[in-house]
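Summary of the model geometry
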Amino acid sequence: MDHFLYRNGTLHAEDVPLTEIAAAVGTPFYCYSSATLTRHFKLFQEALGDLPNLVCFAIKSLSNVAVLKLLGDLGAGMDVVSGGEYLRAKAAGVPGERIVFSGVGKTRAEMRLALEGGIRQFNVESEPELRALSEIATELGVTAPIALRVNPDVDARTHEKIATGKSENKFGIPIARAVEVYAEAAALPGIEVVGIDVHIGSQLTELEPFELAFTKVAELTETLRAAGHDIRRLDLGGGLGIPYERSNDAPPLPIEYGAMIRRVLGHLDCEIEIEPGRLISGNAGVLVAGVVYVKSGEGRDFLILDAAMNDLVRPSMYGAHHDIVPVVEPEAGVEKHPFDIVGPVCETGDTFARARVMPPLKAGDLVAFRSAGAYGAVMASEYNSRPLIPEVLVDGDRFAVIRARPSFDEMLGRDTIPEWL
Ligand code: LLP
């Protein structure tokens, strides 16, 4: 459930009409609902219920500092994958003991930043990374708490570009070699083993792949404990999917996911960490765009929007579906028509939807892309020299711009012309 509903014929974000925000900030823009973010975060907390747990928001899905502050104030931990994300979490006031650091290519500078600023644990993905981390920690006179990310060789049955738990993927340490690598970790001076980490992919629509992976983690926990390691935390990653197409079967609910976790791992007496991104932020955001032209082509009509693939890349990158709805509801019974919905960028890949059945729309009308809160703004670029678009946060009947639209001068001001030109 989200908080983007029609009231009096206009799509609202909570109590604010999207038309009002569009008039204030111009289109296109991203708009997030505080109530939806809060609700989705709490669903995970409730799902894990009595298990000791920390829900670490995967901030790669939506990293605006205002959103992180909202979630952090609710008690969320953060899953970060770069020095920049680490600094965002800190800027939002999240203490280091609630930040986990994931990612296959952490640099020494990033390790140092997190060790100096405070960190709950590093999710380490390879032996060279482990050794580098031990060296940096020793230099700083501390020990780095770590979980090793194991690759369980499980098919997540999701889009191939976002599946991460098969042996051919670049992620983690093959689970069959885990015992050996944990032994090395325990012997390194700058390392303290605290747990096991696994993440098999994103936008999973079934529980079974998770269960297969978590069962392997349960077995590994017993094996590693028998070998003398103090495995006290299990980080289960993120990945629970959301319904992008309202007509489709809904993916499992957090409460079902939580029950499965309790069944498979509850007896181990470990603290459970999870790293959900999309399920918290996805349906908490919309992208609002204006229609620039309606163009009649050869056997098809185009809705040309002022938003493009640089603002929301998911459709062109993964062939992803987003529901696109008019902000002002059409009158009942009005005849609908298929449109190719496209942006102004100069390539055919800049297509959001083909033959999407829409009510009649004209230049100046507004549309909203649903489920655009996750992997929307964070994946935007300035391709075609289109400045990044603003982000707006709604809370009840108030709204605030939480990232302003940069001016052209700001965008151009980042380039410098060398003296010899
Ligand atoms: N933890 C780790 C280690 C991850 O790599 C990811 C996502 C997450 C947690 C959060 O997964 P989520 O709960 O959001 O599924 N850009 C793609 C999604 C890439 C996901 C990458 N890793 C998209 O737009 O679909």
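Since this is a predicted model, take the numbers as computed values, not measurements.

For the rest of this paragraph, the subject is helix α9 (residues 254–265). In a regular helix each residue adds 1.5 Å, so twelve residues correspond to 16 Å; α9 covers 16 Å between its end C-alpha atoms and thus fits that length. P254, Y257, G258 and I261 are the residues of α9 that are buried. Buried residues in α9, looked at end-on, bunch into an arc of 100 degrees, giving them a common side.

One way to put it is that helix α2 (residues 34–48) packs onto α9 with a least axis distance of 8 Å and a crossing angle of 30 degrees. As judged from the angle between their axes, α2 and α9 are roughly parallel. The handedness of the crossing between α2 and α9 comes out as right-handed. Residues L43, F44, A47 and L48 of α2 pack against P254, I255, Y257, G258 and I261 of α9. Here the contact of α2 with α9 is composed, by residue class, of eight nonpolar, one polar and no charged.

Another point: the pairing of strand β19 (residues 366–369). Side chains L366 and A368 of β19 all project onto a buried face; the interleaved residues V367 and F369 project onto the opposite face, where all are buried too. When strand β14 (residues 285–296) meets β19, the two strands line up antiparallel, connected through four bridges. Each residue of the ladder has a partner; that of G290, found in β19, is L366. In this structure, strand β16 (residues 324–326) lies alongside β19, joined through three bridges in antiparallel fashion. Of the residues in β19, the one forming a bridge with I324 is F369.

Reading the values: the criteria
Residues numbered from 1 in each chain as written. Predicted model: local features only at pLDDT ≥ 70, side-chain atom pairs only at ≥ 80, totals over all residues. Helix = DSSP H or I, 4+ residues; strand = E, 2+ residues; numbered from the N terminus. Expected span 1.5 Å × (residues − 1). Buried ≥ 20, exposed ≤ 12 C-beta atoms within 10 Å, placed from the backbone. Arc of directions from axis to C-beta. Axes fitted to C-alpha atoms, helices over the stretch in contact; angles between N-to-C directions. Parallel < 35°, antiparallel > 145°, perpendicular 65-115°, else oblique. Left-handed = near helix turned anticlockwise from the far one by under 90°. Contact = placed C-beta atoms within 7 Å. Nonpolar A, V, L, I, M, F, W, Y, C, P; charged D, E, K, R; others polar. Pairing = 2+ DSSP bridges.

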